[in-house]
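In case you want the letters, here they are:
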Amino acid sequence: MSLLKRLEGGGGTTSQPQQSSPAPESSGGTPAIPPRRVSAPPPTPQAGSYLDLKTRVQNRLLANLDPSMDVRKTDEVRRTIQELFEQILAEENIVLSRPERARLFEQIAAEILGFGPLQPLLEDDTISEIMVNGPKKIYVERKGKIYRVPITFEDNEHVMRIIDRIVAPLGRRIDESSPYVDARLPDGSRVNAVIPPISLIGPVLTIRKFSKTPLTIEQLIEFGSITPEAVQFLKACVEAKLNIVISGGTGSGKTTLLNILSGFIPSDERIITIENAAELQLRQEHVVTLESRPPNIEGRGEVTIRQLVINSLRMRPDRIVVGECRGEEALDMLQAMNTGHDGSMTTLHSNSPRDTLARLETMVMMAGMDLPSRAIREQIASAIDLIVHQERLRDGSRKVVQISEVSGMEGDVITMTDIFVFEQMGYENGKVIGRLRPTGLRPKFMDKIEAAGIHLPPSIFGVGERRRY
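As the structure is a computational prediction, the values presented were derived from the model and not from experiment. (Residues numbered from 1 in each chain as written. Predicted model: local features only at pLDDT ≥ 70, side-chain atom pairs only at ≥ 80, totals over all residues. Heavy atoms only, no water.)

### Focus on the packing of aromatic side chains
Put simply, the rule reads: Note on aromatic contacts: the rings of Phe and Tyr and the six-membered ring of Trp form a pair at centre separations within 6.5 Å, being stacked when their planes are under 30 degrees apart, edge-to-face when over 60 apart, and tilted otherwise. In this analysis the charged atom, NZ for Lys or CZ for Arg, is taken to sit over a ring once it is within 6 Å of the ring centre and within 35 degrees of the ring normal.
Under the definition given, this model contains 4 aromatic pairs. Through successive ring pairs, a cluster of aromatic residues spans Phe233, Phe420, Phe445 and Phe461. Its end group placed over the ring of Tyr427, Arg394 keeps NZ or CZ at 3.8 Å from the ring centre.

Written out as structure tokens, the structure is:
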């Protein structure tokens, strides 16, 4: 990609020069002579606007850069920008302290090579979510809590340039005719953008950051998100090819857990992942990643999750992993699970395991097949073996709160058995105190696990340990 294309649509920032305000009157003593109006001095870091200085230096730098430079060669372009930056400061006799000089350079480099004001937030590993509500209000999430940060864009156009820089390499677009878009950053972080006329406060950008190094199961245990016993049980379920749905609310950690459970799939199996925006980071070698595609500017060329699920059945999959079921593709996912594609996994938004089943039924109806409710429920009961439910608790922590077996049908109702349930014991120092405990019940699919050569100790299910359930 050339630098000219990268900066198309206004790579350099523009702003109206601010009028210098007259010098204030002295507050000490009584002046003998009335104050005179004096002309403003030339812009300097002390007297002029920092924004004007940044804009001037940046525009000069862009004018001197070779437009054909390949911005993918980051180190080379950064060295060139550094040399030109020092040269421009020397030519204009701009005196800056070392911290000011470094700050100005990093901001200009971020505008050319990165994502502008968002770059330092993206590089901060303590931030899990970035929310841009128009050009002047930026919020971040740290440890489950939301804070406003003292960082702003110049104007709506500035935000739009950064949004275009994110979505353009993915072949997606955002404009008045298509005013919202889902995308991803190079590291897999999830991006959603909404612009006017849909948004009334200017462009809105939401970035859910993914860790540069994916979380491990050991870290989840250390954070208290899950217990070693539950991990051992889930690992056995994945290896025994049980069909698993991970449910929960927004930001509860469903994709993170799906990524970790996918890591338990044996490396000799062919895995096909299907997502709206490719986020899963599977470590196995034999992985095929498919991504849906929105329609083009003429309204053609759309490829839906449902079409990809249907097509994946012809690709000889051992496992099908769907990033999220949110519509009619649920029917085809259930069909795949019921026709020999055991060990499939997906995520789904819901408030509880019981709600998960109700949502699945509703989404199957969205396929327009006009199936009776009992037939749909029989499909669900036959296809799904296990539901793992996650929640973000009031202290901001994300925890697995319920692991439930889908055990069959009684009349027209799908029956479920809780295998693990989170027991909250208190709330101290702003932290939820509790633990995911076994209910003492063994799932009916234990014969499948044992048939796979996996033997779980009875202590995992709390046999002989707890009688309260």
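Here the narrative resumes, following the displayed structure.
### Brief notes about the side chain of Thr417
For the record, the criterion: What counts as a helix is a DSSP run of H or I of at least four residues, what counts as a strand is a run of E of at least two, and both are numbered from the N terminus. The contact criterion used throughout is that any non-hydrogen atoms of two residues lie within 4.5 Å.
For Thr417, the position within the fold is in strand 14 (residues 413-428). Beyond its immediate stretch of four places on either side in the chain, Thr417 contacts Ile403, Ser404, Glu405, Ser407 and Leu441.

### A few points about the packing of helix 11 (residues 329-337) against helix 13 (residues 373-383)
As a reminder of what qualifies: A fitted line through C-alpha atoms serves as each axis, taken over the contacting stretch for helices, and the angle formed by two N-to-C directions is quoted from 0 to 180°. Orientation labels follow simple angle bins: below 35 degrees gives roughly parallel, above 145 gives roughly antiparallel, 65 to 115 gives roughly perpendicular, and whatever is left gives oblique. A clockwise turn of the near helix away from the far one marks a right-handed crossing, whereas an anticlockwise turn of less than a right angle marks a left-handed crossing. Polarity classes work like this: nonpolar for Ala, Val, Leu, Ile, Met, Phe, Trp, Tyr, Cys and Pro, charged for Asp, Glu, Lys and Arg, and polar for all others, with Gly in that last group.
Between helix 11 and helix 13, the least distance of the axes is 9 Å, while the angle of their chain directions is 50 degrees. The angle between helix 11 and helix 13 falls in the class oblique. In this structure, helix 11 meets helix 13 at a crossing whose hand is left-handed. Listed contacts from helix 13 to Leu334, Gln335 and Met337 of helix 11 are Gln379, Ile380 and Ala383. Along the lines of polarity and charge, the residues of the contact of helix 11 with helix 13 split into 4 nonpolar, 2 polar and no charged.

### Looking at unusual backbone geometry
Omega for the bond connecting Pro196 with Pro197 falls within 30 degrees of zero, at 10 degrees, which places this linkage in the cis form. Here Pro197 lies in the loop between strand 5 (190-194) and strand 6 (204-208). At Arg316, a position not held by glycine, the phi torsion is positive, near 55 degrees. Position of Arg316 relative to the elements: it lies in the loop between helix 10 (305-312) and strand 10 (319-322). Despite not being glycine, Asp370 has its phi angle at roughly 55 degrees, a positive value. Note that Asp370 resides in the loop between helix 12 (353-365) and helix 13.

### What to know about the sheet that holds strand 6
Quick note on the threshold: In this scheme, strands are said to pair when DSSP sees at least two bridges between them.
Judged by pairing direction, the sheet is antiparallel, and its 6 strands sit side by side in the order 3-2-1-6-5-4 without closing on themselves. Of all strands in the sheet, those with a lone pairing partner are strand 3 (145-149) and strand 4 (180-184), marking the two edges. Neighbour to neighbour, the strand axes of the sheet diverge by 20 degrees on average, direction disregarded. Note: strand 1 (residues 127-133) against strand 2 (residues 138-142), 5 bridges, orientation antiparallel. Among the inter-strand pairings, Ile130 is bridged to a residue of strand 2, identified as Val140. The sheet strands contacting helix 6 (residues 156-167) are strand 1, strand 4, strand 5 and strand 6, and the helix crosses strand 4 at an angle near 55 degrees.

### Focus on the sheet that holds strand 15 (residues 431-438)
Taken in spatial order, the 9 strands line up as 9-8-10-11-7-12-13-14-15 in an open sheet, and their pairing is mixed. Single-partner strands in this sheet number two, and they are strand 9 (287-291) and strand 15. When the angles between neighbouring strand axes are averaged without regard to direction, this sheet yields 25 degrees. The pairing of strand 10 with strand 11 (residues 345-349) spans 2 bridges and is classified as parallel. Pairing of Val321 across the sheet is with Met345, part of strand 11. Packed onto the sheet, helix 12 meets strand 7 (244-248), strand 11, strand 12 (386-392), strand 13 (398-410) and strand 14 and runs at close to 135 degrees relative to strand 14.

### Here we look at the nonpolar core
Note on soluble globular proteins: their nonpolar side chains tend to be buried together. Filter applied, for reference: What makes a nonpolar core is a set of buried Ala, Val, Leu, Ile, Met, Phe, Trp, Tyr and Cys residues whose side-chain atoms join them at distances within 4.5 Å. Exposure is judged per residue with a 1.4 Å probe applied to protein chains only, and the accessible area is read against the type maximum: over 50% gives exposed, under 20% gives buried, and values in between give partly exposed.
Ile226, Phe233, Leu386, Val388, Ile403, Ile449 and Leu456 are the most contacted members of the largest nonpolar core, which has 43 residues in total. A total of 7 residues in this core trace back to one element, the largest contributor, which is helix 8 (residues 228-239). Counting residues in each nonpolar core, the second largest holds 31 residues, with Leu360, Ile376, Val406 and Ile414 among its members.

### Observations regarding the side chain of Glu405
Counted only if it meets this: Polar contacts, as counted here, are pairs of nitrogen or oxygen atoms within 3.5 Å of one another; within protein the pair requires one atom able to donate a hydrogen and one able to accept it, and residues that are adjacent in sequence qualify only if both atoms are side-chain atoms.
Within the element layout of this structure, Glu405 appears in strand 13. Among the polar contacts listed, one links the side chain of Glu405 to the backbone nitrogen of Lys444, at a separation of 2.8 Å.

### Some remarks on the pattern of salt bridges
Under the convention used in this document: Definition used for salt bridges: Asp or Glu carboxyl oxygen within 4 Å of a side-chain nitrogen of Lys or Arg.
Following the criterion strictly, the structure yields 20 salt bridges and no others. Residue Glu291 is joined to Arg184 by a salt bridge in which the shortest nitrogen-to-oxygen separation is 2.4 Å. Highlighted residues: Glu291 in strand 9 and Arg184 in strand 4, separated in sequence by 107 residues. A residue is classified by how much of its surface remains accessible, and Arg184, at 24% relative accessible area, is partly exposed. For the salt bridge of Arg437 with Glu423, the shortest nitrogen-to-oxygen distance reads 3.4 Å. Of this pair, Arg437 sits in strand 15 while Glu423 is found in strand 14, placing the two residues 14 residues apart along the sequence. Across this residue pair, the class does not change: Arg437 and Glu423 are buried.

### What about the confidence of the model for the protein chain?
So the rule is basically this: Known as pLDDT, the predictor's per-residue confidence is scaled from 0 to 100.
On average, residues of the protein chain score 82 in pLDDT, and 86% of them reach the 70 mark or higher. Across the protein chain, the element-wise mean pLDDT spans from 48 in helix 1 (residues 3-6) up to 95 in strand 7. In this model, residues 4-48 is a region of pLDDT below 50 whose contacts with residues beyond four sequence positions or in other chains number 48 contacts. Contacts from residues 465-469, a stretch scored under 50 in pLDDT, to residues over four places away or in other chains number 9 contacts.

### So, the packing of helix 3 (residues 74-91) against helix 4 (residues 98-113)
Relative orientation of the contacting elements helix 3 and helix 4 amounts to 135 degrees, with a least axis distance of 11 Å. For the element pair helix 3 / helix 4, the angle class is oblique. Helix 3 and helix 4 meet at a crossing whose hand is right-handed. Between helix 3 and helix 4, the residues in contact are Thr74, Val77, Arg78, Ile81, Gln82, Phe85, Glu86 and Leu89 and Arg101, Leu104, Phe105, Glu106, Ile108, Ala109, Ile112 and Leu113, respectively. Of the residues in the contact of helix 3 with helix 4, the class split is 10 nonpolar, 2 polar and 4 charged.

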